[in-house]
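# Coordinate analysis (summary)
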Amino acid sequence: MAAQSVAGAGALQHDRILPEEGGNLFVKVAILGAGGLGKVMLEAIQAEGKHSVAGFLDDQVRDQFCALPILGPLASLAGLRRRKISGVALAIGDRFLKVRLDLIATIWSSGLRAINVVHPTAWISPSSRLGQGLYIGPHVVIHAGASIADYCVIWSGSVIEHDVRLDENVFVASSVSLAGYTEVGRDTFVGIGAVLMRSRIGESATIAAGSLVTKDVTAKTVVMGCPARAVGRKRAVAYHS
Amino acid sequence: MAAQSVAGAGALQHDRILPEEGGNLFVKVAILGAGGLGKVMLEAIQAEGKHSVAGFLDDQVRDQFCALPILGPLASLAGLRRRKISGVALAIGDRFLKVRLDLIATIWSSGLRAINVVHPTAWISPSSRLGQGLYIGPHVVIHAGASIADYCVIWSGSVIEHDVRLDENVFVASSVSLAGYTEVGRDTFVGIGAVLMRSRIGESATIAAGSLVTKDVTAKTVVMGCPARAVGRKRAVAYHS
Amino acid sequence: MAAQSVAGAGALQHDRILPEEGGNLFVKVAILGAGGLGKVMLEAIQAEGKHSVAGFLDDQVRDQFCALPILGPLASLAGLRRRKISGVALAIGDRFLKVRLDLIATIWSSGLRAINVVHPTAWISPSSRLGQGLYIGPHVVIHAGASIADYCVIWSGSVIEHDVRLDENVFVASSVSLAGYTEVGRDTFVGIGAVLMRSRIGESATIAAGSLVTKDVTAKTVVMGCPARAVGRKRAVAYHS
């Protein structure tokens, strides 16, 4: 599941066929999760215009969400291929990390393809490397030489500077700024408005909203404040609030 | 004056006729206020290319502002229709809240139309609901399901996440980030660089510049700091500095 | 070296010929510095599509950088015109201020032209005034009446509000927000995520990352924190970390 050497699609490049697409430009997609992230991701997919969305999977029993059908519970993921749906977009928020990790494992074992959802107003450097299963929101900047591994989520207006490395399943909230060369370990959460100077962040860490990170953060540590200081430990799989 | 169910105009949608426009695409407009906000709003209107600007109203006696005529003092607002000007853009800053509220009342009683000024580089979700008389600046994000009531002002680069609700006449300065589901009461001011986690902000509150809001704020309260704490009370109509 | 009255090139204006260009639209350019800023600047020049890049100058002995040749050390700058290279882009970071100032002097004495590099996703007000030798990154906003003097660098997503004045060689990191009417003296560094309320900042000052500046800062002063307070003095030419 390592980040692949796949150039991104930016505001000026959105009619380019990405290497990952393999000529199979339009894929019928189900969005996993009918909440805030699912809603936002649906509109980004529609704005991109590269895929068609068949509906959502969600465990809450409803008929529709955003005028599209709920196709079944999350557990029906493995059966999607029989319904001619070959792509999925993972829209489970960071509060349900265990569910996210289970779904990622199922996506792999089911032969489904996790699509990248890149908002057309994002700027993605042609020399950045994007994995798969990503969500990249409006007005995000991913700069030269940055590397974004599989299943990362980057919300609106965040800046990922040059040569930053995000490992798998990193959650970056809105209006975050990561300085050049910063490295962030897998399953880490970075809260809204946080600012990270050049640093190394361990896996499964939590950077609280509005923090100013001025030095390295060890794995599973919760940091907070300006400058950020450790305020607790996090279980490997936990709720972020 | 509640927010109406009107889809917004975004970077990729700026040639779309909005429901509010009713086919009457080009309106001759006067900008109320010849200061910083007036200047910024003029350029956004010109970048949008949807309306023509006849000039400014301002109480300071001058001939011109930004190479356009000063048409008279603010009190001449009610007579604009006789001059074939049917639209107005409210460019009075938050420091003059009483003047703003008086002008809003006059706009309504005069049968004028308060236009929306949406910078063409802003991203506005098609499922957001925009009122009238708004200014939305460059690179702003208004996300899915957000609701922005009449006469709100949102400066450059601010992010309004999904399902946020801004009541009437909320002032959001530059580079502000409002997390999903946040609710902000009418006549509230949010200062430059503030970050609001999911919260409810009462009416006529003041969120000082650079604040990190982590919990609800009651009406007429001034909060400041990271995390933000109450530091004073505000009269219903007051100056924000 | 004062800022010239030259209208900027914005997202909607990038096919416009700037007054500074004098009809000489495509210039063969060398980038001074083969590091992070050089890489980012190369991609912005390529995205703009206005100039061709012949290679880099850098003192570190290498053959190539970003698939382009290293043309020689920085000291070979004065000989560039003999190689039919008439433009330069200054990509030396703020940590080497003395080197930057020496190169600026050499550019002037060599009759080379320092080009402006403006990312096509930046929004530049037509009433702003831009000097030369600038780098302006993706999603930056430069608003009405702002004045940016020669050799300033403004990283990704920063907001320069209306009527702001930056003197020569000011460095603005990513995701910075400068309120309207702010004035910043020459050779000053503004760190990532800083927020400046309306204020006057003296020359050669340092605004640390994440600072909230609420009042004026005197020359050569280092300020830090929310609100920012003086924490030290800076030599006229120094390293910023």
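Residues numbered from 1 in each chain as written. Chains lettered and ligands numbered in written order. Predicted model: local features only at pLDDT ≥ 70, side-chain atom pairs only at ≥ 80, totals over all residues. Heavy atoms only, no water.

## Side note on the overall build of chain A
Within chain A, the secondary structure is distributed over two helices and 25 strands. Here chain A holds 241 residues, and 63% of them are scored as buried. In chain A, the proportion of contacts linking residues at least 24 apart, taken out of those at least 6 apart, comes to 35%. Within the structure as shown, chain A displays about 8,800 Å² of accessible surface, and the carbon and sulfur contribution to it stands at 53%. (Helix = DSSP H or I, 4+ residues; strand = E, 2+ residues; numbered from the N terminus. Buried < 20%, exposed > 50% of the residue type's maximum accessible area, 1.4 Å probe, protein only. Contact = heavy atoms within 4.5 Å. Areas by Shrake-Rupley, 256 points an atom, 1.4 Å probe, with all protein chains shown as cover.)

## A closer look at the relation of the copies chain B and chain A
By a simple turn and slide, chain B fits onto chain A: the slide is 0.0 Å along the axis, the RMSD is 0.0 Å, and the turn is 120°. Taken together, the rotation and translation relating the two chain copies correspond to the operation of a three-fold axis. Closest approach to the rotation axis within chain B is made by the C-alpha atom of His139 of chain B, at a distance of 4.0 Å. Residue by residue, only 8% of the interface of chain B is reproduced at the interface of chain A, so the copies engage with different surfaces. (Least-squares fit on C-alpha atoms with pLDDT ≥ 70 in both.)

## Thoughts on the pairing of strand β4 (residues 68-72) of chain C
All names here are of chain C. By the criterion of burial, β4 is predominantly enclosed, with four of the five residues buried. Sheet analysis places strand β3 (residues 64-65) next to β4, joined by two bridges and oriented antiparallel. Bridging across to β4, Gln64 finds its partner in Pro69. Linking β3 to β4, which pair antiparallel, is a turn of two residues; within it Cys66 sits at a positive phi near 50°. (Pairing = 2+ DSSP bridges.)

## Observations concerning the relation of the copies chain C and chain A
Screw-axis analysis of chain C against chain A gives a translation of 0.0 Å along the axis, an RMSD of 0.0 Å, and a rotation angle of 120°. Counting the interface residues of chain C, we find that no more than 10% of their copies in chain A are interface residues as well, pointing to two distinct contact surfaces.

## Digging into the interface of chain B and chain A
Across the boundary between the two partners, chain B contributes 26 residues, which contact 20 residues of chain A. Here chain B and chain A share an interface that buries about 1,600 Å² over both sides, 68% of which is from carbon and sulfur atoms. Counting across the chain B and chain A interface gives one salt bridge. A salt bridge links Asp163 of chain B to Lys39 of chain A; the nearest nitrogen and oxygen atoms lie 2.6 Å apart. For the interface between chain B and chain A, the tally reads 10 residue pairs in polar contact (both at pLDDT 80 or more). Among the elements of the structure, β17 (177-178) and β20 (195-196) of chain B are those that each provide at least two residues to the side of chain B that touches chain A. Residues belonging to the side of chain B that touches chain A are distributed by class as follows: 16 nonpolar, eight polar and two charged. (Buried area = accessible area lost by both parts, 1.4 Å probe. Salt bridge = Lys/Arg side-chain N within 4 Å of Asp/Glu carboxyl O. Polar contact = N/O pair within 3.5 Å; in protein donor to acceptor, adjacent residues only side chain to side chain. Nonpolar A, V, L, I, M, F, W, Y, C, P; charged D, E, K, R; others polar.)

## Topic: the interface of chain C and chain A
At the junction of the two partners, chain C supplies 20 residues and chain A supplies 26 residues. Between chain C and chain A, a total of about 1,600 Å² is buried, with carbon and sulfur atoms accounting for 68% of that surface. It is Glu43, His139 and Ile192 of chain C that lose the most area in chain C upon contact with chain A, and together they represent 32% of the buried surface on that side. Along the contact surface separating chain C from chain A lie one salt bridge. Joining chain C to chain A, the criterion identifies 10 residue pairs in polar contact (both at pLDDT 80 or more). A total of five residues in the side of chain C that touches chain A trace back to one element, the largest contributor, which is helix α1 (residues 36-48) of chain C. Partitioned by chemical class, the residues of the side of chain C that touches chain A number eight nonpolar, 10 polar and two charged.

## A look at the sheet that holds strand β16 (residues 171-172) of chain C
Residue and element names in this part refer to chain C. Within the open sheet, the eight strands sit side by side as β7-β10-β13-β16-β19-β22-β24-β25. Their pairing is mixed. Pairing within the sheet leaves two strands with one partner each, and these edge strands are β7 (117-118) and β25 (229-233). As defined by bridge partners, strand β19 (residues 189-190) adjoins strand β22 (residues 206-207) across two bridges and the pair is classed as parallel. Following the sheet pairing, Phe189 is matched in β22 by Thr206.

## A look at unusual backbone geometry
Geometrically, the link from Cys226 of chain B to Pro227 of chain B is a cis peptide bond, its omega value of -5° lying close to zero. If you trace the backbone, Pro227 of chain B turns up in the loop between β24 (221-224) and β25 (229-233). At Lys220 of chain A, a residue that is not glycine, the phi angle is positive and equals roughly 60°. The residue Lys220 of chain A is located in the loop between β23 (212-213) and β24 (221-224) in this model. Note on Lys220 of chain A: relative accessible area 29%, which makes it partly exposed.

## Looking at the pattern of salt bridges
Tallied over the entire structure, the rule returns 27 salt bridges over all chains. Here Asp167 of chain B makes a salt bridge to Arg165 of chain B, at a shortest N to O gap of 3.0 Å. Assessed through its relative accessible area of 35%, Arg165 of chain B is described here as partly exposed. Through salt bridges with shared partners, a single ionic network connects Arg165, Asp167, Glu183 and Arg200 of chain A.

## Some remarks on the side chain of Ser110 of chain C
Residues and elements named next belong to chain C. Relative to the helices and strands, Ser110 resides in the loop between α2 (97-109) and β6 (113-114). With relative accessibility at 16%, the residue Ser110 sits in the buried group. With residues up to four places along the chain from it excluded, the contact list for Ser110 reads Ala78 and Arg81.

## Observations regarding helix α2 (residues 97-109) of chain A
Residue and element names in this part refer to chain A. Helix length check: α2 (13 residues) gives 19 Å between terminal C-alpha atoms against 18 Å at 1.5 Å per residue, within 8%. Looking at the buried positions of α2, the neighbouring elements they touch are β1 (28-32), β5 (87-90), β6 (113-114), β13 (153-154) and β16 (171-172). Within two residues after α2, Gly111 carries a phi angle of roughly 70°, on the positive side. (Expected span 1.5 Å × (residues − 1).)

## Observations regarding the environment of Pro120 of chain B
Mapping Pro120 of chain B onto the fold places it in the loop between β7 (117-118) and β8 (123-124). The spacing of Pro120 of chain B and Pro138 of chain B is 18 residues in sequence and 7.1 Å in space, taken between C-alpha atoms.

## Digging into the side chain of Asn116 of chain B
Residues and elements named next belong to chain B. Topologically, Asn116 is positioned in the loop between β6 (113-114) and β7. Within the structure, Asn116 has its side chain in polar contact with the backbone nitrogen of Gly133 (distance 2.9 Å). A polar side-chain atom of Asn116 sits 3.0 Å from the main-chain amide nitrogen of Leu134.

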